[in-house]
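# Per-entry structural report
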Amino acid sequence: MSNTRTIRFTLNGAPVKTDVEPHETLVDVLRQRFNIGGVRESCGQGLCGCCTAIVDGIAVSSCLFLAMFADGTAVDTIEHLGSSHRLDPIQEAFIEAGALQCGFCTPGFILMTKQLLDIHPVPSDDDIRHYLAGNLCRCSAYPEILAAVKLAARRRNSAAEPA
Amino acid sequence: MTPEPMPLSQVGRSIPRLEASAKVTGRAEYVHNLRLPGMLYGKIFRSIVPHGRITQVNVSAARAVEGVHRVVTIEDIRSIIPNPYFGPAFHDQPILADHKVRFAGEPVAVVLAENYRVAEQAAGLITAQYEELQAVDDEVEAVSASVFVHDELKPASTFADLQHLKGQRGTNVALDYRLRHGDAEAAFAAADQVFEHSFRTQPVMHTPLEPFVSVADAANGRLTIHTASQSPSFVRIEIARLLGWAENRVRVKTAHLGGGFGSKLYIKLEALVAALSLLTGRPVKISLTMEEQFFMVTRHACTLKIKSAVDKNGRITARQCKTWWNGGAYADIGPRVTQKAGFTAAGPYDIENVALDSYAVYTNRPPASALRGFGAPQTAWAYETHTDLIAEALNIDKLEFRRRNILRNGRPQATGTVVRDTGLEAILDRLAERLAWDQPFDRGSDKLRRGRGIAIGFKAIVAPTTSAAIVKINADGSCTLYCGTVDMGQGSDTCMTQIAAEVLNIEAESIQVIHPDTDVTPYDMGTLGSRSTFHMGNAVRLAAEDAKSKIAALMAELNLPPGSNVPLVELFRRKYGMQAGNIIGTGSFHPAYAKPDHQTGRSPQVTPFWGVGGTGAEVEVDTETGQFRVTTLVNVVDAGVPINPKLVQQQISGAAIMQFGFTVSENMVFHEGQLTNGSLADYKIPGLLDLPRNFINEWVEARQHDGPFGAKGVGESATIALSPAIGNAIADAVGVRLTELPLTAESVYRAMQAAKGKPLPEQ
Amino acid sequence: MTSFELVEPRSLEETFALLDRDDPAVRPIAGGTALMLMMKSGLFSPLRLISLRRVEPRLAGIAFADGSVRIGAMTTFAALEHSPEIRRHLPVVTRTMRTLANPRVRNVATVGGNLAHADTHLDLPLVWIALGAQAVVVSPRGERIVAVEDLYRGYYETVLHHDELIAALHVPLRPTWRSVYVKVTTRTAHDWPALGIAVSLARDGSIIRDARIAVGAATKKATRLIQAETVLRGAAIDAAAVDDALLARAGDAAIGEISIEADSRGSASYKQHLLRVYLGRAVRAAAAAEPGA
């Protein structure tokens, strides 16, 4: 008996549908069916953040998220941040602060930083360390990541102020 | 008249990584993301016993799963590759287990399916039976054990520095390196005082976040391998050898690597995917899971014994070191680690009489190889803890004791190679300054004791090796750089363009780098051992200079005066009558090297340069629990003259945090040959919360006279001395010495209780 | 992971019809983060998973009434973490969230799923035990109330039947109590705890009127330390510094009433020592805290 079902969701702003089996994870479906390269499976246990995707506005570890649960949602990945012409201020801050080395974990850090800044527009050093404790960077660009988050916060806040 | 602004020097600019934009948008290419039409996915079925003869492998259930294309064992591999054994030092590793398994986790069979999850599910249905053999686990016991991991050792003879390896039977010792400098025995006999200590280090894993991944695509009599490899040139040589093909039929390409750290070196999954693609005629991809990475390659666990003779002036007069390297079931590059780390196992001290023995030992564990330091961090753990212990016994300040014995430029090191262009003394000075070593130190309270420690170490660089590069000037004057160095996050693309740009007097960012592709980019020995900036950097410099001289020749040919400002595009137009043609500059670099004498291990030119690093640490120890916090961590390395200061600093801090994990939390725990903690939930790598609050990373300039613009490699330098600095700080805080890594809260507490005569029960 | 059937009932009645009292391979799934780990590692291969995410509204919501708060089982950790009412009335829960797993897990993991998972390393069940919380358990046979401390039988084992669900949690609001949770890690800062300990104290001036203590990670299951509580109950304390001898007796009692398990985060003897030290520290911190903390 096949348990395959068709799910429909909005992927990076565009409506999509695909057939999935119940045991398929969101990370597999995004990568295999939709060629989303910015979502990556590394630890497979929700600990490293490489597979971070945004489902209905909240960050999830897509390696621990059943694809069927994405039915009817809006799923966003790093591919949807900024635009082809202009980077998001967080992306710019990561470049300027040098907050990346191999780049494999970078999309996860950036997406989580966006969530952090939505909750804490002016995060303390401690806020950043705790919020991003669930993202791992084996190259250990951690000092630069701290700097990038603070830089991005300053940029966002100054942009939000009325001219 | 305002003068023309001087062109900005390209060397010394902290430009962001060239590929930064691709990485922050998630669009950078990794082999992890590669999918080819018609591609099959492989999933490996692994041994669950550490040592045994395979009596049966039952693949019928796996074969029956819908979507499974084929299940492959060593018999199938042999139909393509009759002698399916590979390795950089010995041809000892079978592509799949060949009737015998030598570690728990060894690949035995592969399921190929249209879909990765189908392959995974089917692999779970394979069963195997084994006739279990006694296993050897400990590196010291394995030397005299009557159980042999391999019946016969078959040297590979691929690398110039490993030509002396012997084919042998009846031993687990793959290589023994000995070094004899002066007369250590006589010096010990005459010594005022002798100190002797033993140390151990644990097995750890590189843990790149992009797990091992390789894709092979056999078509039209050629084989293309897309692989997350640090050494594409070696992969090509080894695959061609296995197949009996000419090198030009094998093409090896890399993309960005999601971390390497020495794991993705030499040959790993490539032989397997090559055979599978040839067997099926389809592209085949194998991506490991994080859990499987623990079965691929590790850093050697070591046992180290070190003995020193010291005179009444606090000068070390003799040192003897014995090191046993737990190489696991396959030698990989362990013999080189054993030899290279052997060169410097006596530490960066000026010692007249040195006797070193270093043994690469086979055991029934996952293979061990190079990991950010080629063994130097293990030897430094021993010699820098030993250094503190001696200073304590002599009641000499630990910094002063080091200064008194430090190896100075111009003096011969134990191998006989004269040390030059190092910043050893400057690093000690900088550490002292950053830690305010001469100032009173707050030792905390009874409950929270504070302490501080320093350590310094060095390493020889792998030799002899060579790199080649091509600089192509296009007809519009733009520049393309062909370079086989693999950018795995260290920023080599950026650094290499800065070197070429400096020579050509153009902007680094305007140069395009062609990523390693053995059909296109020239040979490079590998991206490893801090060698790229020096070796490839020099090759790129030479290639750019060659291009520059060809430009000058063209100008002469066109009767333009030297220094003429006619743009390049115009030169090509004048030469060819249109925008056409190229200038190709080539560069090849091969530093001087003299092979060590086999009896004495000595050589006048054992390394092209020295990698040097020092660490200072301040810790707070909770005396009730042994839990400790590193409050200040200072890492200072010798960087030559940095090409890109920002990238250098990141190499220092990244290496330091990595080694911090190897010091306080990472440990592959084996129970009866089985790994018990092979996942990131149970094997803990550092995160943001572990970053010391006061974290300082700096370099001292020590111009490398023959480096490109004075530069040298720095990728490993900050790993070398970090562990002993923290161990020394803990000892300073609470007065107990730990001799075994990792330094855990429990090990500190146990040592404190033992010192009080109230040992904590084992269980 | 192997294939299974995933169903998403809209009501409890539908859910009950899908559950199977005798088959552990039929299981409810809430956020699924912990269950996914078990399924990916092959420790659990379901035949059927029954998603509770569409069973509204009985399993959702945070509601305050009559001196207690009812937290629907499907409430996510993130909802708890960001609830101003929870912060006001149960600040220990808000504080615990900061070091609990990571934000992505907290966005998805639910209060009920966490309770039912019965992993001794989980932090929150210990806090619930110290707060005196009770689980509302529903099944085709009706509803029963199980105190959180009585929910666990052993390692990954609850007293629930396969056709029972946790619908909600009732947490009494006790504005005079002071609560503390301590997560003790021994390797990296962000790790599963080697020891988790939650302490809730009621103090009348310098007398500990009542105490509730729960320990986990070092034991097979989340466990209430009844004997240690007894030692503390009625004891006179100096608000500035709780007496060492009293804490030593509480520590002895704690060690005596539980069996400590070794794991990769510490040997049993070390964890036993950690329990003594951190029990004392947690009691001191709770005694010194503001009422309602």
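## Quick notes on the overall build of chain B
When its secondary structure is counted, chain B shows 19 helices and 29 strands. In terms of overall dimensions, chain B has C-alpha extents of about 85 × 85 × 50 Å along its principal axes. Each of the 763 residues in chain B was classed as buried or not, and the buried ones make up 67%. Long-range contacts, defined here as pairs at least 24 residues apart, represent 81% of the contacts in chain B between residues at least 6 apart. Summing over all exposed atoms, chain B offers an accessible surface of approximately 25,400 Å²; the carbon and sulfur share of this is 49%.

## Quick notes on the interface of chain A and chain C
In this assembly, 35 residues from chain A lie in contact with 26 residues from chain C. Between chain A and chain C, a total of about 2,500 Å² is buried, with carbon and sulfur atoms accounting for 58% of that surface. Contact with chain C buries surface across chain A, with A:His23, A:Leu64 and A:Phe69 losing the most and accounting together for 27% of the total. Remark: the boundary between chain A and chain C carries four salt bridges. With a closest N to O distance of 3.4 Å, A:Arg5 and C:Glu8 form a salt bridge. At the boundary of chain A and chain C, one finds 17 residue pairs in polar contact (both at pLDDT 80 or more). Contributing elements (two or more residues each) for the side of chain A that touches chain C: β4 (58-61), α3 (106-119) and α4 (125-131) of chain A.

## Regarding the interface of chain B and chain A
At the interface, 53 residues of chain B touch 47 residues of chain A. When chain B packs against chain A, close to 4,100 Å² is buried across both sides, 55% of that on carbon and sulfur atoms. Contact with chain A buries area across many residues of chain B, yet B:Val24, B:Leu209 and B:Leu688 alone supply 19% of it, more than any other trio. Summed over the shared surface of chain B and chain A, the number is five salt bridges. Where B:Arg117 meets A:Asp28, a salt bridge forms, and the shortest distance between an N and an O atom there is 2.3 Å. Contributing elements (two or more residues each) for the side of chain B that touches chain A: α1 (20-24), α9 (290-293) and α17 (645-664) of chain B. Residue classes in the side of chain B that touches chain A are distributed as 26 nonpolar, 16 polar and eleven charged.

## Some thoughts on the domain arrangement of chain B
Residues and elements named next belong to chain B. When cut into domains, chain B gives domain 1 (20-27 + 465-589), domain 2 (35-133 + 207-293) and domain 3 (298-462 + 598-755). Taken over C-alpha atoms, the centre of domain 2 sits 36 Å from the centre of domain 3. Counting residues at the interface gives 22 residues for domain 2 and 28 residues for domain 3. Across the interface of domain 2 and domain 3, roughly 1,900 Å² is buried in total on both sides, 60% from carbon and sulfur atoms. On the surface where domain 2 and domain 3 come into contact, there are one salt bridge. The residue Lys268 makes a salt bridge to Asp332 at a minimum N-O spacing of 2.9 Å. Inspection of the domain 2/domain 3 interface yields ten residue pairs in polar contact (both at pLDDT 80 or more). Tallied by class, residues from the side of domain 2 that touches domain 3 come to twelve nonpolar, five polar and five charged.

## Describing the nonpolar core
Counting residues in each nonpolar core, the largest one holds 256 residues, and the members touching the most others are A:Ile145, B:Ile239 and B:Ile726. Ranked by residues supplied to this core, first place goes to helix α15 (residues 532-557) of chain B with ten residues. The residues contacting B:Ile726, other than those within four sequence positions of it, are B:Ala617, B:Phe628, B:Val630, B:Leu633, B:Phe660, B:Thr663 and B:Leu743. Ranked by size, the runner-up nonpolar core spans 41 residues in total, among them B:Leu760, C:Leu195, C:Ile208 and C:Ile213.

## Side note on the packing of aromatic side chains
Inspection of every chain in the model, using the stated rule, returns 18 aromatic pairs over all chains. Ring geometry for B:Phe294 and B:Tyr683: centres 5.1 Å apart, planes at 70°, overall edge-to-face. Residue B:Phe294 is located in the loop between α9 and β15 (298-299), and its partner B:Tyr683 is located in the loop between β28 (674-675) and β29 (694-700); the two are separated by 389 residues in the primary sequence. By relative accessible area, which is 0% here, B:Tyr683 ends up buried. Aromatic pair B:Tyr749 and C:Tyr270: ring centres 5.9 Å apart, planes at 45°, arrangement tilted. Placement of the pair is B:Tyr749 in helix α19 (residues 745-755) and C:Tyr270 in helix α11 (residues 268-288), with the two residues belonging to separate chains. C:Tyr270 matches B:Tyr749 in its accessibility class, with the two residues each being buried. In this structure, A:Arg40 packs its charged tip against the face of A:Phe104, placed 5.4 Å from the ring centre.

## Focus: unusual backbone geometry
The linkage connecting B:Ala463 with the following residue, B:Pro464, adopts the cis geometry, with an omega of -5°. Following the sequence through the fold, B:Pro464 ends up in the loop between β20 (448-460) and β21 (467-473). Along the chain, B:Leu741 connects to B:Pro742 via a cis peptide bond; the corresponding omega equals 0°. With respect to the helices and strands, B:Pro742 occurs in the loop between α18 (722-734) and α19. Phi at A:Asn12 takes a positive value of approximately 50°, unusual for a residue other than glycine. When you line up the elements, A:Asn12 lands in the loop between β1 (5-11) and β2 (14-20). The phi dihedral of B:Asp332 is positive, around 45°, even though this residue is not glycine. On the secondary structure map, B:Asp332 appears in the loop between β17 (316-326) and α10 (334-343). Residue classification places B:Asp332 among the buried residues on the basis of a relative accessible area of 5%.

## Quick notes on the environment of C:Glu143
Residues and elements named next belong to chain C. Tracing the sequence through the fold places Glu143 in strand β7 (residues 142-147). By relative accessible area, which is 52% here, Glu143 ends up exposed. In the structure, Glu143 is positioned 52 residues away from Pro91 in sequence and 29 Å away in space, judged by C-alpha atoms. Each residue touching Glu143, except ones within four places of it in the same chain, is listed here: Arg58, Val136, Val137 and Val138.

## Describing α17(B)
With 20 residues, α17(B) extends 29 Å from end C-alpha to end C-alpha; this agrees with the ideal 28 Å at 1.5 Å per step. In terms of residue burial, α17(B) counts as a mostly covered element, since 18 of its 20 residues are buried.

## Overview of the sheet that holds strand β24 (residues 583-589) of chain B
Residues and elements named next belong to chain B. With respect to topology, four strands assemble into an open sheet ordered β23-β22-β21-β24, the strand pairing being mixed. Unpaired on one side and paired on the other, β23 (512-514) and β24 mark the two borders of the sheet. The mean inter-strand angle of the sheet, taken between neighbouring strand axes irrespective of direction, is 20°. Relative to β24, β21 runs antiparallel, the two being bridged by seven bridges. Of the residues in β24, the one forming a bridge with Ser467 is Phe589. Across the sheet, α15 is in contact with β21, β22 (479-483) and β24; its angle to β24 comes to roughly 145°.

Calculation criteria
- Residues numbered from 1 in each chain as written.
- Chains lettered and ligands numbered in written order.
- Predicted model: local features only at pLDDT ≥ 70, side-chain atom pairs only at ≥ 80, totals over all residues.
- Heavy atoms only, no water.
- Helix = DSSP H or I, 4+ residues; strand = E, 2+ residues; numbered from the N terminus.
- Buried < 20%, exposed > 50% of the residue type's maximum accessible area, 1.4 Å probe, protein only.
- Contact = heavy atoms within 4.5 Å.
- Areas by Shrake-Rupley, 256 points an atom, 1.4 Å probe, with all protein chains shown as cover.
- Buried area = accessible area lost by both parts, 1.4 Å probe.
- Salt bridge = Lys/Arg side-chain N within 4 Å of Asp/Glu carboxyl O.
- Polar contact = N/O pair within 3.5 Å; in protein donor to acceptor, adjacent residues only side chain to side chain.
- Nonpolar A, V, L, I, M, F, W, Y, C, P; charged D, E, K, R; others polar.
- Domains from an automatic or database assignment.
- Core = buried A, V, L, I, M, F, W, Y, C linked by side-chain atoms within 4.5 Å.
- Phe/Tyr/Trp six-rings, centres within 6.5 Å; stacked < 30°, edge-to-face > 60°.
- Lys NZ or Arg CZ within 6 Å of the ring centre and 35° of its normal.
- Expected span 1.5 Å × (residues − 1).
- Pairing = 2+ DSSP bridges.
- Axes fitted to C-alpha atoms, helices over the stretch in contact; angles between N-to-C directions.

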